[in-house]
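Now for the letters of each chain:
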Amino acid sequence: MDLASRYKGVVGLVFGNENSPSNEDSYVERLLDRISNGVLAEDRRTAMAELQSVVAESHATQLAFGAMGFPVLMGVLKEERDDIEMIRGSLETLVSALTPTNHAKGPRNEVQPALMNTDLLAREAENISLLLSLLSEEDFYVRYYTLQILTALLTNSPNRLQEAILIIPRGITRLMDMLMDREVIRNEALLLLTYLTREAEEIQKIVVFEGAFEKIFSIIKEEGGSEGGVVVQDCLELLNNLLRDNASNQILLRETIGFDAVVSILKLRGSSYSFTQQKTINLLSALETINLLMVGGADPGKDTNKLTNKTVLVQIKVLDYLLMLGVESQWTPVDVRCGALRCIGNLIAGHPKNLDALATKVLGEEPQVEPALNSILRIILRTSSMQEFMTADHVFKSFCEKNSDGQTMLASTLIPQPHSMTHAPIEEDVNMSFGSMLLHGLTLSESDGDLETCCRAASVLSHVLKDNIQCKEKVIRIELESPMPSFGAAEPLMHRMVKYLALASSMKNKDTKSSSMGNLYVQPIILKLLVTWLADCSTGVQCFLDSRPHLTYLLELASNPSATVYIRGLAAVLLGECVIYNKSGESGKDAFTVVDAISQKVGLTSYFLKFDEMMKSFVFSSAKQVEPHKPMTRSAAASMAEIEDVDEQDSSDQNNEDHPILSSVFDSSFVNFVKRVETDIRETITDIYSRPKSEVAVVPAELDQKSGESDEDYIKRLKSFVEKQCSEIQNLLGRNATLAEELAKIGGRGSSQTERSASGGLERVQAETLRRDLEEASQRIEMLKVEKAKIESEASMYQNLAGKMESDLKSLSDAYNSLEQANFHLEKEVRALKNGGALTVPDIEALKAEAREEAQKESEAELNDLLVCLGQEQSKVEKLCARLSELGEDVDKLLEGIGDDMGLPEDDEAEED
């Protein structure tokens, strides 16, 4: 009642003072009183009919009804089930109360009674349970009006209705039973389930468990497949809700019914050139189903499920249907063609077998057959729809991604054609190979000056070359004939692309109000091709720098203020690749020359700023892995007639730097590559800029030791020389810091004209000269340090050697003295013998007695040790005997015979004696 009182307060604020009820409030209140307190059944039914009529027609009455009418009508539904007329009237009145009136459009901030009534009714779970119970009634209108009420509740208050239905026993089951009811009931139930399953995973599981797949495909078949009406669209929307990011439901569909029922919807029936708007919507919904199966689910096994789905789809010939819709059929609407091409790209992405299936697929009938890839390339080159170009380009991107064999196969067909064939009209490319058609598209602008076809072909070529060194080097060797013999010899294809890049810039400057949208993306696409081409390809860098004007043009493009941030940024990336992938040692083409040119023409600070500006742009900062597509709902389908192609939507905005095709060109993989290579470019350029071009190999004369100069004097002179060099280095550092500050001030003033001024250039040259002098002095110091360490090491070695020799000499002297002394004693003994003197003879007997005494002492000591050990063993034996006696053992019996055994050998020895 508190909620109703608050609601009355709102009514009073809208229509006047809440203490003075309006006429609408009084009238509604009288009708409700007749319904709840009336005696005659006919009078109550009349009052119900009048209430329904005024609620349906009056905005104010709807608001008044919400304050007091729901308790009365819900009481009728609960207590008067036998009176079908009253039940019908109550339900019809509730439908009117929940349906917005369209008689007059009020202000946007006006109270919406239908929304307020919906919120009020959905607050009580008992109301939802009561409405669901009415679905089991036999009366047709009771079930029909009940479904309409539930749909209105779900439209305006979805979360509450979803929560209420989940806690009501058999709530979903009752709704699923309605799918087998009469057609009108079935359609309303289908629409209700479509709303109910959009973002409710638990409800999706219950619906599938109740046999939703079988019922959906049964209704689609009954309605005529893609030729059917809006019911088929509702069925497909419900199916897509059940499959979106739900791997378990996808597996269940694959292993029970299979994907054949989905694929059969894509089969064109009847008049294949007749496409109504509803048929187009149905086909787009079926294509969305195929895409959902190829995206997989949100669980960890997503990739496995996705690959399995793709395998099964190709096995049931879905590729044939997609090629028919996207490539072969001439009457298919552009939206359906784009959807089919998008499906083809997703079908082959990351699936080797599907890649091979597309590579070997041929279209048409004998004798005019051609590979499917050729037909898709022709769409890219010929279509007037920008959306179709992007989706067809997506096919080649998916085909070439991590498919080196496929890239090599396509690149092998890139054979230059004679000049007459190269400049033939594009309509004459039917019998050309893939490579010939691609080269034809690249060079077609020679005849009509239109770079649109050229940039589309350049986009395809960038996919063929991506991450494939062999293909890059092969295409580098392609040379194209000059448009006129008088212009000179043939030129490499890469040089022709740079020429078209410059031509696009000049065309944009001449015709800034051109109606062609190509000016927005021709240069970015060609720059992307060159960036992809030069990545990890030193041969490509060398070919690019073979023409000196190329470097000059890139420097001008990177510093051109009228160019977009993408063009300046990609030009900076291309310059950086000419540094980090440059293996040339030739003067004028090496990495140092490029860095020096960047420093002088652009300035390193301004150059690195190009990367920051590009990364902060909308396209680069919002790059996503996969561009999400909006689900094909009824509201989306209702606006199909207003959908126009991308290039038509934006044709009036020529300066839009966020053109949709740029989001397609600068996809997440390319943006991530640019981010990685930017780091390498910064590090490499900084390293090259901070060291001199050539190593210093001149050794100053002061480092040589003079003749007659002692080691000590030489070392002192070297120390003095090093101190002098350090002082010079400090002076150079001070001068360099001063110049750097001045240069920073000049660069901080902002304008590129100031950076290119003569004074700024002179100071940069002076700073560069000082920097090189500083580097040379630093290297000389390092060489002096090394030389000093070497001399000190040699001096220490000589000192150690001298000490060792002195020690050896002393040892020899001592040995010589001992030999002299021994010789003296020998000579003395010899003289004594010659003189007949008696020699001292040792006393043999005394020596024997002394030896006998020592032996006796040793034997006595050993005997004492043995006696001690025997005493210890005897003690142990006595303890063991005592313990055995305590345990009741006969010790004497155990010891019997032990002494005799030990004595046998002694008796034998005695007998032998």
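Residues numbered from 1 in each chain as written. Predicted model: local features only at pLDDT ≥ 70, side-chain atom pairs only at ≥ 80, totals over all residues. Heavy atoms only, no water.

### Looking at the overall build of the protein chain
In step 1: Across its full length, the protein chain carries 47 helices and 4 strands.
In step 2: Looking at the 913 residues of the protein chain, the share that counts as buried comes to 45%.
In step 3: The long-range fraction of contacts in the protein chain, counting pairs at least 24 apart against all pairs at least 6 apart in sequence, stands at 72%.
In step 4: On the protein chain, roughly 48500 Å² of surface is accessible, and the fraction owed to carbon and sulfur atoms is 52%. (Helix = DSSP H or I, 4+ residues; strand = E, 2+ residues; numbered from the N terminus. Buried < 20%, exposed > 50% of the residue type's maximum accessible area, 1.4 Å probe, protein only. Contact = heavy atoms within 4.5 Å. Areas by Shrake-Rupley, 256 points an atom, 1.4 Å probe, with all protein chains shown as cover.)

### Quick look at the pairing of strand E2 (residues 368-371)
In step 1: Strand direction decides the pairing type here: strand E1 (residues 362-365) and E2, joined by 4 bridges, are antiparallel. Bridge assignment links Leu-363 to a residue of E2, and that residue is Glu-370. (Pairing = 2+ DSSP bridges.)

### What about the pattern of salt bridges?
In step 1: What the rule picks out here adds up to 26 salt bridges.
In step 2: Its salt-bridge partner being Asp-119, residue Arg-160 comes within 2.8 Å of it at the nearest N-O pair. Of this pair, Arg-160 sits in helix H9 (residues 158-167) while Asp-119 sits in helix H6 (residues 113-122); the two residues are 41 residues apart in sequence, bridging distant segments of the chain.
In step 3: Residue Asp-119 is classed as partly exposed on the basis of its relative accessible area, which comes to 26%.
In step 4: Here Asp-612 and Arg-682 are joined by a salt bridge, their closest N and O atoms 3.1 Å apart. Of the two residues, Asp-612 is situated in helix H36 (residues 604-616) and Arg-682 in helix H41 (residues 668-689); the sequence distance between them amounts to 70 residues.
In step 5: Classification of Asp-612 by relative accessible area gives partly exposed; the value is 32%.
In step 6: Classification of Arg-682 as partly exposed rests on a relative accessible area of 25%.
In step 7: Residues participating in the shared-partner salt-bridge network are Arg-34, Asp-43 and Glu-50. (Salt bridge = Lys/Arg side-chain N within 4 Å of Asp/Glu carboxyl O.)

### Observations concerning a negative patch on the surface
In step 1: A grouping of Glu-850, Glu-854, Glu-858, Glu-862 and Asp-865 is seen on the molecular surface, where their side chains present a negatively charged patch.
In step 2: Relative to the helices and strands, Glu-854 resides in helix H45 (residues 844-886).
In step 3: Classification of Glu-854 as partly exposed rests on a relative accessible area of 47%. (Patch = residues over 30% accessible without salt bridge, like charges linked within 9 Å, V, L, I, M, F, W, Y side chains within 5 Å. Lys, Arg positive; Asp, Glu negative; His and termini not counted. Charge placed at Lys NZ, Arg CZ, Asp CG, Glu CD.)

### Here's the deal with the confidence of the model for the protein chain
In step 1: Here the protein chain shows a mean pLDDT of 80. Residues at 70 or above account for 78%.
In step 2: Confidence drops under pLDDT 50 across residues 1-21; counting only partners more than four residues distant or on other chains, this segment forms 25 contacts.
In step 3: Scored below 50 in pLDDT, residues 901-913 makes 0 contacts in the model with residues more than four places away or belonging to other chains. (pLDDT = per-residue confidence, 0-100.)

### A few points about the packing of helix H8 (residues 140-156) against H9
In step 1: Closest axis-to-axis distance for the H8/H9 pair is 5 Å, and the angle between their directions is 125°. With respect to H9, the axis of H8 lies oblique. Within the contact between the two elements, H8 uses Leu-150, Leu-153, Leu-154, Thr-155 and Asn-156 and H9 uses Pro-158, Leu-161 and Gln-162.
In step 2: A class-by-class count of the residues in the contact of H8 with H9 yields 5 nonpolar, 3 polar and no charged. (Axes fitted to C-alpha atoms, helices over the stretch in contact; angles between N-to-C directions. Parallel < 35°, antiparallel > 145°, perpendicular 65-115°, else oblique. Nonpolar A, V, L, I, M, F, W, Y, C, P; charged D, E, K, R; others polar.)

### Notes on the packing of aromatic side chains
In step 1: Tallying each qualifying case throughout the model produces 13 aromatic pairs.
In step 2: Ring centres of Phe-140 and Tyr-141 lie 5.2 Å apart, and the angle between their planes is 80°; on these two criteria the pair is classed as edge-to-face.
In step 3: Judged by centre distance (6.4 Å) and plane angle (35°), the rings of Phe-670 and Phe-673 are tilted. With a gap of 3 residues between them, Phe-670 and Phe-673 both fall in helix H41, about one helical turn apart. Neither residue differs from the other here; Phe-670 and Phe-673 are each classed as buried.
In step 4: When the ring centre of Phe-275 is taken as reference, the NZ or CZ atom of Lys-279 above it lies at 4.5 Å.
In step 5: One residue, Arg-456, lies across the ring of Phe-389, its end atom 5.0 Å from the ring centre. (Phe/Tyr/Trp six-rings, centres within 6.5 Å; stacked < 30°, edge-to-face > 60°. Lys NZ or Arg CZ within 6 Å of the ring centre and 35° of its normal.)

### A short note on the packing of helix H17 (residues 277-295) against helix H20 (residues 334-348)
In step 1: As a packed pair, H17 and H20 sit with axes 10 Å apart at the nearest point and diverge in direction by 10°. Taken together, H17 and H20 sit at an angle that is classed as roughly parallel. The hand of the H17/H20 crossing is left-handed. Touching Thr-280, Leu-283, Leu-284, Leu-287, Ile-290, Asn-291 and Met-294 of H17 are Asp-335, Val-336, Gly-339, Ala-340, Arg-342, Cys-343, Asn-346 and Leu-347, all from H20. (Left-handed = near helix turned anticlockwise from the far one by under 90°.)

### Points about the side chain of Ser-157
In step 1: Relative to the assigned elements, Ser-157 resides in the loop between H8 and H9.
In step 2: The exposure class of Ser-157 is buried, given its relative accessible area of 10%.

### With respect to the state of the cysteines
In step 1: One pass over the full model with this rule turns up 0 disulfides.
In step 2: Its sulfur unpaired, Cys-543 is 8.9 Å from the next cysteine sulfur, which belongs to Cys-537.
In step 3: Given the relative accessible area of 8%, Cys-543 is considered buried. (Disulfide = S-S within 2.5 Å.)

### Comments concerning helix H35 (residues 591-601)
In step 1: Summarising burial for H35: 8 of the 11 residues are buried, a large majority.
In step 2: Those residues of H35 that fall on the buried side of the exposure criterion are Ala-591, Phe-592, Thr-593, Val-594, Val-595, Ala-597, Ile-598 and Ser-599.
In step 3: One or two residues past the end of H35 sits Gly-603, with phi positive at roughly 95°.

### As for helix H2 (residues 23-37)
Since the α-helix turns once every 3.6 residues, residues separated by three or four places project in the same direction.
In step 1: For H2, which comprises 15 residues, the first-to-last C-alpha distance of 21 Å matches the rise-based estimate of 21 Å (1.5 Å per residue) to within 8%.
In step 2: Among all positions of H2, only Asp-25, Val-28, Leu-31, Leu-32 and Ile-35 are buried. One side of H2 carries all its buried residues, which in axial view fall inside an arc of 135°. Summarising the geometry of H2, the exposed residues directed more than 90 degrees from the buried face are Asn-23, Arg-30 and Asn-37. (Expected span 1.5 Å × (residues − 1). Arc of directions from axis to C-beta.)

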